[in-house]
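# Structural overview
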Amino acid sequence: METLLPEESKSDVDPQKLKAARELLLQFVKTTKAVRLYLANNPVRQKFLSDLFERFELFLRAYGALRLKVRQQAFAVDGEVVYEQEGRQDNLAFRCYVDGISELTFHEGLEQAELVEFLEVVGSDQDPHTLDDDIVSLLWKRDLPHITTVVVDDLPEQTDFLPDQGEVKEPDLQAMIRQEVSTLPPAALAGPRRLETPMVIFKLTDEEIQQLKQQIVREQQRDAVAQLLDILSVMLEIELDEISFGEILEIMTKLVDLFIERGDLPRAASCARTVRRLYDNPPQQAEAFRTRLHEFLVRLGSPERLAALTVVLNREKTVDPTALTEFLQAMTPGALVPLTDLLGTVIVMKTRKVICDAMVTLGRDDIDLLAGRLRDDRWFVVRNLIYVMGRIGGPKVINYLSPLVRHPEQRVRKEVIKTLDGMESDKIVDVLLECLRDQESAVRMMAMRALTRRKSPRVVEPLTAMINDRHFAAKDVSEKLELFVALGASGRPEALLVLKQYLKGGSWWRRTGQGELCWCAAYALKQMGTREAMALLEEGSRHASKGLQEACQAALKGTARELMIRQARL
């Protein structure tokens, strides 16, 4: 084993060396997968091996050796990380780390046969239950002279504890042999004899039998489909021939259709996730490969495939939301239109929520595609689209949603108010004020509460005009209260003057014949909560007018709203 050398200082780091090491290790990982997948005579395997060996020759000729410090999930050269991969699956650094290797070195003079043997060792499927199947043991059996390792429990070779032995002469050696022979029994000197074949060659211990049973169980539980998907994924990463690459994708396409038909969304999502990952980070630089990946993703969201998916979503009692999300988010924005139709046919509300969330991701940069479906005749589809667009947000969304406050379906109008209430823009105040003229009281009340939360000074004039309107007295007491509160929430001095006017009386006494609006003003002043508003309530609580006194006292106690609504119901 190679002894540890002192760490190089950061100032000695050669950037060209690090760059070459990173490129070499990237090629190394791909070649490991190729060796695992293809037979020895396969041209793809031979091409990867040839390219990797050429890179090794160039590196070793330039720098003498490739010395890799092994970390848990990374390799380092001269103290700098040159390879890192999260997770443990197919992570070469992790496999070396758990087997106790702290350093791995490739020396000048490395032969291609050695490299192939090393790749076969690190690329093999190791059994964690077998002690002799670790990388260190396998490399020791192969005896690769130009590849050395340092293991954490290795000790420097020491020879000073051996007894000093002089040179053994030939006569002395013959005497030693004669002495040993004289001690052997006569049967041992009779020469070889014919061996009798025993009835039982060997007998397994209970522990060995148990290990065999466990191995059989593991073999029976091996997921062949998952292995197939893993193999196809690796082949897509390393395949260099465009035609073969397309054929692998066609296999993946058929598998997706099969999985959907069987209702196996997790595996369909696995296929989609693999292709999306390769599309976002293509291992092959040629544009033709990325084009084929894009075609696969486009077909994920085709109307025909989504129609088949609809059958599954309405048939299954429970659907894996994570798998469905991954499958939908792997699609391209072009799937937004057929996904809108999917929203109109899926029965389960929770599933529709998952579809909406996926559409948020797909539609962030393609809001126009969603807006084009706001004219759908199905009100529940329009309401879902409003939710999706509200999650995306932005000025364009406000422009698209504002006209929908005049939609014939009340539930759509409510969804518009709810969505706009969560967005920031001065224009929203105008839209909410328009909603105050809605024919439905529930819609008007919802708009008033949204205006209250905004505390905009721009509401003072239009709300004052509505309160002064001769039809205002005919409104429900709850709506009157909300309107006064929205006015007070503006915090403007003009609003305080209006509330003071209605608190202490005026022309409204003659118009209504009752002090209801006095109670509304008192309640709004309490909600306003400013020093001036509270001073008005304290003053009114001591007023000579019994009606004003009761309204202010109830407001200060926090019971004005309940008392008003109770009185209105009598």
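Below you will find a few notes about this structure. Since the structure is predicted, the reported quantities are computational estimates derived from the model, not experimental observations.

### Some remarks on the packing of aromatic side chains
- Summed over the entire model, instances satisfying the criterion amount to eleven aromatic pairs.
- A ring pair is formed by Phe-56 and Phe-106, whose centres lie 5.0 Å apart and whose planes are at 50 degrees; its orientation type is tilted. Placement of the pair is Phe-56 in helix α2 (residues 43-63) and Phe-106 in strand β4 (residues 101-107), with a sequence separation of 50 residues. In this structure, Phe-56 and Phe-106 share a single accessibility class: buried.
- Here Phe-106 and Phe-118 contribute two aromatic rings whose centre-to-centre distance is 5.2 Å and whose plane-to-plane angle is 85 degrees, an arrangement assigned as edge-to-face. Taken as a pair, Phe-106 in strand β4 and Phe-118 in helix α4 (residues 112-122) lie far apart in primary sequence, twelve residues in all.
- Overall, Phe-106 belongs to the buried group, its relative accessible area being 2%.
- Taking the relative accessible area as the measure of exposure, Phe-118 reaches 1% and is therefore buried.
- Put simply, the rings of Phe-28, Phe-56, Phe-106 and Phe-118 touch in pairs and so form one group of aromatic residues.
- We note Arg-290 situated over the ring of Tyr-279; from NZ or CZ to the ring centre the distance is 4.0 Å.
- If you follow Arg-411 out to its NZ or CZ, it ends over the ring of Trp-379, 3.9 Å from the centre.

### Digging into the pairing of β4
- Most of β4 is tucked away, with six of its seven residues classed as buried.
- The pairing of strand β1 (residues 65-70) with β4 spans five bridges and is antiparallel. Bridging from a neighbouring strand, Ala-65 pairs with His-107 of β4.
- In terms of strand pairing, β4 meets strand β5 (residues 147-151) through five bridges, oriented antiparallel. In the sheet register, Ile-101 faces β5, and the bridge partner there is Val-151.

### Observations concerning the side chain of Ser-233
- On the secondary structure map, Ser-233 appears in helix α8 (residues 224-238).
- Residue Ser-233 is classed as buried on the basis of its relative accessible area, which comes to 9%.
- Dropping the residues within four chain positions of it, Ser-233 is found in contact with Thr-274 and Arg-277.

### Examining the pattern of salt bridges
- As enumerated under the stated definition, the model contains 35 salt bridges in all.
- Between Asp-357 and Lys-353 there is a salt bridge whose closest N-O contact spans 3.0 Å. Residue Asp-357 and its partner Lys-353 are both found in helix α15 (residues 349-362); the two are separated by four residues, about one turn of the helix.
- Residue Asp-357 is classed as partly exposed on the basis of its relative accessible area of 23%.
- Residue Lys-353 is classed as partly exposed on the basis of its relative accessible area of 39%.
- Several salt bridges converge on common partners, so that one network encompasses Asp-341, Arg-373, Asp-376 and Arg-378.

### Some remarks on the environment of Leu-433
- For Leu-433, the location among the structural elements is in helix α20 (residues 427-435).
- Here the alpha-carbon distance between Leu-433 and Pro-462, two residues 29 residues apart in the chain, equals 7.9 Å.
- Not counting the four nearest positions on each side in its chain, Leu-433 is found in contact with Leu-451, Pro-462 and Leu-463.

### So, the packing of helix α24 (residues 493-504) against helix α27 (residues 531-541)
- Following both chains from N to C, one finds α24 and α27 inclined at 10 degrees, their axes separated by 11 Å at the closest point. One finds that α24 runs roughly parallel with respect to α27. Contacts between α24 and α27 involve Leu-496, Lys-500, Leu-503 and Lys-504 from the first element and Glu-532, Ala-533, Leu-536 and Glu-539 from the second.
- Considered class by class, the residues forming the contact of α24 with α27 number four nonpolar, no polar and four charged.

Each value, and the rule that gives it
- Residues numbered from 1 in each chain as written.
- Predicted model: local features only at pLDDT ≥ 70, side-chain atom pairs only at ≥ 80, totals over all residues.
- Heavy atoms only, no water.
- Phe/Tyr/Trp six-rings, centres within 6.5 Å; stacked < 30°, edge-to-face > 60°.
- Helix = DSSP H or I, 4+ residues; strand = E, 2+ residues; numbered from the N terminus.
- Buried < 20%, exposed > 50% of the residue type's maximum accessible area, 1.4 Å probe, protein only.
- Lys NZ or Arg CZ within 6 Å of the ring centre and 35° of its normal.
- Pairing = 2+ DSSP bridges.
- Contact = heavy atoms within 4.5 Å.
- Salt bridge = Lys/Arg side-chain N within 4 Å of Asp/Glu carboxyl O.
- Axes fitted to C-alpha atoms, helices over the stretch in contact; angles between N-to-C directions.
- Parallel < 35°, antiparallel > 145°, perpendicular 65-115°, else oblique.
- Nonpolar A, V, L, I, M, F, W, Y, C, P; charged D, E, K, R; others polar.

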